[in-house]
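Coordinates in review
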Amino acid sequence: MTTVQEDRGLRELAERAGRDLEDASATEVLAWAAETFGKEFCVTSSMEDAVVAHLASRVFPGVDVVFLDTGYHFEETIGTRDAVEAVMDVNVITLTPRQSVAEQDAEYGPRLHDRDPDLCCALRKVKPLEEGLAGYRAWATGLRRDESPTRANTPVVGWDEKRRKVKVSPIARWTQDDVDAYVAEHGVLTNPLLTDGYASVGCAPCTRRVAPGEDARAGRWAGLGKTECGLHG
């Protein structure tokens with residue numbers, strides 16, 4: 001088949017699975033992905049929590065868990081990654097940008113994240129992920145519809161047009177209460193910052209604590225009118 005034909009087939013597969021699995025459990029969605037794609041399937045994790053990685057490990061022991069180390073993470077986030085690698089039946093793969101923070105500062109000037117956060121995210125997140133996902137046909141995320149208006153229509157299985165891959169969001173229909181219940185029931189690792197006022201954890205320079213009643217992602221790029229890093233659209 002040509003690449004165009006392969007893409008069309010994968011897109012149709014994703015759209016059909018999105019319809020068929022809309023009411024399926026998270027583990028059923030992940031089992032479908034593991035059975036369909038095998039080692040060409042991975043889980044991505046920001047290490048805000050390890051819920052999707054834990055779910056995937058139950059149906060696909062040894063599953064690849066891809067983590068983006070931007071060079072700007074909180075120590076707690078790196079610690080969560082190390083703990084996940086140590087205690088869970090997963091294969092953690094850490095991706096890094098082509099440039100170190102110092103090299104980026106030398107080329108673009110310091111604190112690019114303050115002056116042009118979209119470019120900073122493109123260099124330190126979007127491009128490394130595109131390169132890191134090259135060997136996979138499908139990837140899983142922890143996106144949930146209740147997180148923000150931009151994620152309200154997230155399908156449990158969909159087509160990632162930008163990367164030409166199947167995108168699996170097994171907990172898309174979950175609420176924060178569902179996540180909390182799963183964490184409590186299974187003792188899943190979570191980032192310590194979640195108990196220190198942070199509702200969403202990203203790079204340290206661009207993340208702040210949220211006030212009571214604020215949207216969960218209000219602490220990301222606060223005051224910049226930016227709510228997404230570009231990984232998901």
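In this text, all values refer to a predicted model and were calculated from it rather than measured experimentally.

1. Brief notes about the packing of helix α5 (residues 101-108) against helix α7 (residues 117-132)
- Put simply, α5 and α7 touch, their axes get as near as 12 Å, and they point 140° apart. One finds that α5 runs oblique with respect to α7. As for how α5 packs across α7, the hand of that crossing is right-handed. Residues Val101, Gln104 and Tyr108 of α5 form the contact with α7, whose own contacting residues are Leu119, Cys120, Leu123 and Arg124.
- Taken together, the residues that form the contact of α5 with α7 break down as five nonpolar, one polar and one charged.

2. Brief notes about the sheet that holds strand β6 (residues 165-168)
- The sheet built from six strands is open, its strands ordered β3-β2-β1-β4-β6-β5 with mixed pairing. What marks the edges here is a single partner per strand, and that holds for β3 (90-95) and β5 (157-160). The average undirected angle you get between the axes of adjacent strands in this sheet is 30°.
- Two strands pair when backbone bridges link them, and strand β1 (residues 41-44) and strand β4 (residues 138-140) are joined in this way by three bridges, in the parallel orientation. Residue pairing in the sheet places Val43 in a bridge with Ala140 of β4.
- Strand contacts of helix α1 (residues 3-20): β5 and β6, with the helix running at about 150° to β5, the strand carrying the most contacts.
- Running at roughly 145° to β3, helix α4 (residues 75-87) makes contact with β2 (63-68) and β3 of the sheet.

Analysis parameters
Residues numbered from 1 in each chain as written. Predicted model: local features only at pLDDT ≥ 70, side-chain atom pairs only at ≥ 80, totals over all residues. Heavy atoms only, no water. Axes fitted to C-alpha atoms, helices over the stretch in contact; angles between N-to-C directions. Helix = DSSP H or I, 4+ residues; strand = E, 2+ residues; numbered from the N terminus. Parallel < 35°, antiparallel > 145°, perpendicular 65-115°, else oblique. Left-handed = near helix turned anticlockwise from the far one by under 90°. Contact = heavy atoms within 4.5 Å. Nonpolar A, V, L, I, M, F, W, Y, C, P; charged D, E, K, R; others polar. Pairing = 2+ DSSP bridges.

As far as function goes, none of this settles anything; it's purely spatial.
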